[in-house]
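Read off the chains here:
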Amino acid sequence: MISVDEALAVVLERVAVLDAEAVALAESFSRVLREDVIADRDLPPFNRAAMDGFAVRSADAGTANARLRIAGAIRAGSWPARAVRAGEAFRIMTGAPVPEGADAVIQVERTKTLDGSLVELETAVTAGQNIVRQGTEAAQGSTLLHAGIRIGAPHLAVLASVGVMEPRVSRRPRVAVIVTGDEVISPSQSPAPAQIRNANGPALLAAIAEAGGIASDLGVVPDDPAQTRATIEHAFATGHDAIVLSGGVSAGDFDFVESELGHLGVALHVSAVRVKPGAPFVFGTQGSTLVFGLPGNPVSAQVTFELFVRPALLKMQGARAVLRPHLHAVLQGTLANRSNRRNYLPVQVTVEADGLRARPVRTQGSGDTLAHALANALAILEPDRRSAVAGDVVIIYPLSSFFEV
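What counts and how
Residues numbered from 1 in each chain as written. Predicted model: local features only at pLDDT ≥ 70, side-chain atom pairs only at ≥ 80, totals over all residues. Heavy atoms only, no water. Pairing = 2+ DSSP bridges. Helix = DSSP H or I, 4+ residues; strand = E, 2+ residues; numbered from the N terminus. Expected span 1.5 Å × (residues − 1). Contact = heavy atoms within 4.5 Å. Polar contact = N/O pair within 3.5 Å; in protein donor to acceptor, adjacent residues only side chain to side chain. Axes fitted to C-alpha atoms, helices over the stretch in contact; angles between N-to-C directions. Parallel < 35°, antiparallel > 145°, perpendicular 65-115°, else oblique. Left-handed = near helix turned anticlockwise from the far one by under 90°. Nonpolar A, V, L, I, M, F, W, Y, C, P; charged D, E, K, R; others polar. Phe/Tyr/Trp six-rings, centres within 6.5 Å; stacked < 30°, edge-to-face > 60°. Buried < 20%, exposed > 50% of the residue type's maximum accessible area, 1.4 Å probe, protein only. Salt bridge = Lys/Arg side-chain N within 4 Å of Asp/Glu carboxyl O. Core = buried A, V, L, I, M, F, W, Y, C linked by side-chain atoms within 4.5 Å.

1. Some remarks on the pairing of strand S8 (residues 111-114)
Note that S8 and strand S9 (residues 118-121) share four bridges and pair antiparallel. Pairing of Lys-112 across the sheet is with Glu-120, part of S9. Here S8 hands over to S9 after three residues, with Asp-115 in that stretch at a positive phi of 55°.

Take a look at the structure:
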């Protein structure tokens, strides 16, 4: 049994980065960018008015109540007909190019128009006021976005602004999901007394999609060696980059996943981790295909996915950041670690004026899907920390991108 950090290192060192591909801009959202994005011109490409008002020469408007002749108007998208001359002002709209000669824009609210031909400035104007200078956002040739980011809505705006209509992104990893267990039935069925509905399948499929993968649902397999092997073989044969199994990885009489992986030539690199929940975690490889065996208890499956599978899928896509940040929060309750393993405990984190607060979520253990669903983070207690009480600072692992930095 190895530590969480050791297991993660074993996983990540065996991840190969997938090929890149060009996709339409609209299809690139949430994909991992694989090439730096360079400015094709200065941003802004001209001196830009930051608000509606009048473009003036500061030399003509150094005191309040200055009166200037209105010489024309400049709309966004139109180029000034000529330069501003002494004693003149041009009406100007937000985003429009500032004409030659003008070195300031006074907002329209601080002016008064007289007879339609003169404007009176209610306040003095200083050079540079309300103008965004050419190239001050970015110079032509500079790097705007670095390879390895996951493209979000603001990044789409940057890509569009420099005309990158087919950004190069990583191919999405193809991941097979196999749920094992005689007791597991479809969520649409009514369970018999000893049966449970398949909670792991939908959760893992969604988690893979959130991590940028394309998930294939290979269904529920009973605790049978032949059927387990046949389903895993099918996953290999259909060209998946990774296989994620849940259940059948412990040491029980009906846990066949690890042995069947061995029969199929999978090299096993991890067979147990000092973590709670999720100690019976298995990781192996067959060629470039990654194989993850997660525990059957749903919370254990989700936690081990977060700790090991999600980082692997992100690294597979060439992401610069593959781990969620570890943050600090002040505890508002009591937590206990009754194991000699690193313990991940559900908490609800809120953002307060003076920092983060973590309230423990009452849980019945690794089968309590409701407690995990109510949590937006996990508090981490190391093996040598047996408890934490209200007022203690704890390290938290966020389960939501809301806390990512």
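2. Observations regarding helix H4 (residues 225-237)
Given a rise of 1.5 Å per residue, 13 residues ought to cover 18 Å, and the 18 Å separating the end C-alpha atoms of H4 matches this to within 8%. Residues of H4 that are buried sit in contact with strand S13 (174-180), strand S16 (214-221), strand S17 (242-246), helix H5 (257-263), strand S20 (282-286) and strand S21 (289-294). The opening residue of H4, the one whose side-chain oxygen lies 3.2 Å from the backbone nitrogen of Ala-226, is Asp-224. Where H4 ends, the next residue or the one after it, Gly-239, has phi of about 75°, a positive value.

3. Description of the sheet that holds S16
Ordered by their spatial adjacency, six strands build an open sheet running S16-S13-S17-S21-S20-S18, and the pairing between neighbours is mixed. Each edge of the open sheet is held by one strand with a lone partner, namely S16 and strand S18 (267-270). Going from strand to strand, the sheet's axes swing by 20° on average, the running direction of each strand aside. Pairing analysis gives five bridges linking S17 to S21, with the strands arranged parallel. Within the sheet, the bridge partner assigned to Leu-245 lies in S21 and is Gly-293.

4. Here we look at the packing of helix H1 (residues 4-12) against helix H6 (residues 298-316)
At their nearest, the axes of H1 and H6 sit 10 Å apart, and the two run at 30° to each other. By the angle between their axes, H1 is roughly parallel relative to H6. The handedness of the crossing between H1 and H6 comes out as right-handed. Of the residues in H6, those touching H1 at Val-4, Ala-7, Leu-8, Val-11 and Leu-12 are Leu-307, Phe-308, Pro-311, Ala-312 and Lys-315. Residues that form the contact of H1 with H6 fall into these classes: nine nonpolar, no polar and one charged.

5. As for the packing of aromatic side chains
Two aromatic rings are characterised by how far apart their centres lie and by the angle between their planes. Applying the stated criterion across every chain yields a total of five aromatic pairs. Ring centres of Phe-281 and Phe-292 lie 6.4 Å apart, and the angle between their planes is 35°; this geometry places the pair in the tilted category. With a gap of eleven residues between them, Phe-281 in the loop between strand S19 (275-276) and S20 and Phe-292 in strand S21 connect regions that are remote in the sequence. Here the aromatic cluster, defined as three or more aromatic residues joined through ring pairs, consists of Phe-281, Phe-283, Phe-292 and Phe-308.

6. As for the environment of Arg-82
Residue position: Arg-82 is located in the loop between strand S5 (67-74) and strand S6 (88-92). Apart from residues no more than four positions distant in its own chain, Arg-82 is found in contact with Arg-69, Ala-71, Glu-88, Phe-90 and Pro-99. A polar contact is formed between the side chain of Arg-82 and the side chain of Glu-88, at a distance of 3.0 Å.

7. What about the side chain of Gln-107?
Structurally, Gln-107 can be placed in strand S7 (residues 104-107). In this structure Gln-107 comes out as buried when scored by relative accessible area, which is 11%. Here Gln-107 is in contact with Met-51, Asp-52, Gly-53, Gln-129 and Asn-130, once residues within four sequence places are set aside.

8. Observations regarding the pattern of salt bridges
On inspection of all chains with the given rule, the structure shows 17 salt bridges. Here Arg-342 makes a salt bridge to Asp-5, at a shortest N to O gap of 3.2 Å. Of this pair, Arg-342 sits in strand S24 (residues 342-352) while Asp-5 sits in helix H1, and the two are 337 residues apart along the sequence. Take Arg-342: its relative accessible area is 12%, and that puts it in the buried class. Close ionic contact of Glu-382 with Arg-342 constitutes a salt bridge, the shortest N to O distance being 3.1 Å. Taken together, the positions of Glu-382 in the loop between strand S26 (377-381) and strand S27 (387-388) and Arg-342 in strand S24 put the pair 40 residues apart, joining distant regions of the chain. Taking the relative accessible area as the measure of exposure, Glu-382 reaches 30% and is therefore partly exposed. Connected through salt bridges with shared partners, the residues Glu-210, Glu-306, Arg-310 and Arg-324 form a single ionic network.

9. Details of the nonpolar core
Side chains that are nonpolar tend, in soluble globular proteins, to be buried together. In terms of nonpolar packing, the biggest core is built from 40 residues, with Phe-292 and Leu-294 touching the most fellow members. For this core, the secondary structure elements donating two or more residues are H1, S13, helix H3 (200-210), S17, S21, H6 and S26. Of the residues forming this core, the biggest block, ten residues, is contributed by H6.

10. With respect to the sheet that holds S9
The six strands lie next to each other as S7-S4-S6-S5-S9-S8, forming an open sheet whose pairing is mixed. Two strands bound the open sheet, and with one partner strand each, they are S7 and S8. Shown here is a sheet whose adjacent strand axes are inclined to one another by a mean of 40°, direction ignored.

11. Some points on the environment of Met-165
Note on placement: Met-165 falls in the loop between helix H2 (153-161) and strand S12 (168-170). C-alpha separation for the pair Met-165 and Ala-24, spaced 141 residues apart in sequence, amounts to 6.1 Å. Not counting residues up to four positions away in its chain, the partners in contact with Met-165 are Val-23, Ala-24 and Leu-25.

12. What about the pairing of strand S25 (residues 355-360)?
With two bridges connecting them, strand S22 (residues 327-331) and S25 associate as parallel partners. Counterpart to Leu-331 in the pairing with S25 is Ala-358. Of the strand pairs in this sheet, S24 and S25 are connected by six bridges, and their pairing is antiparallel. Paired with Thr-350 across the strands is Arg-357, a residue of S25. Hairpin remark: S24 followed by S25, antiparallel, with two residues in the connecting loop.

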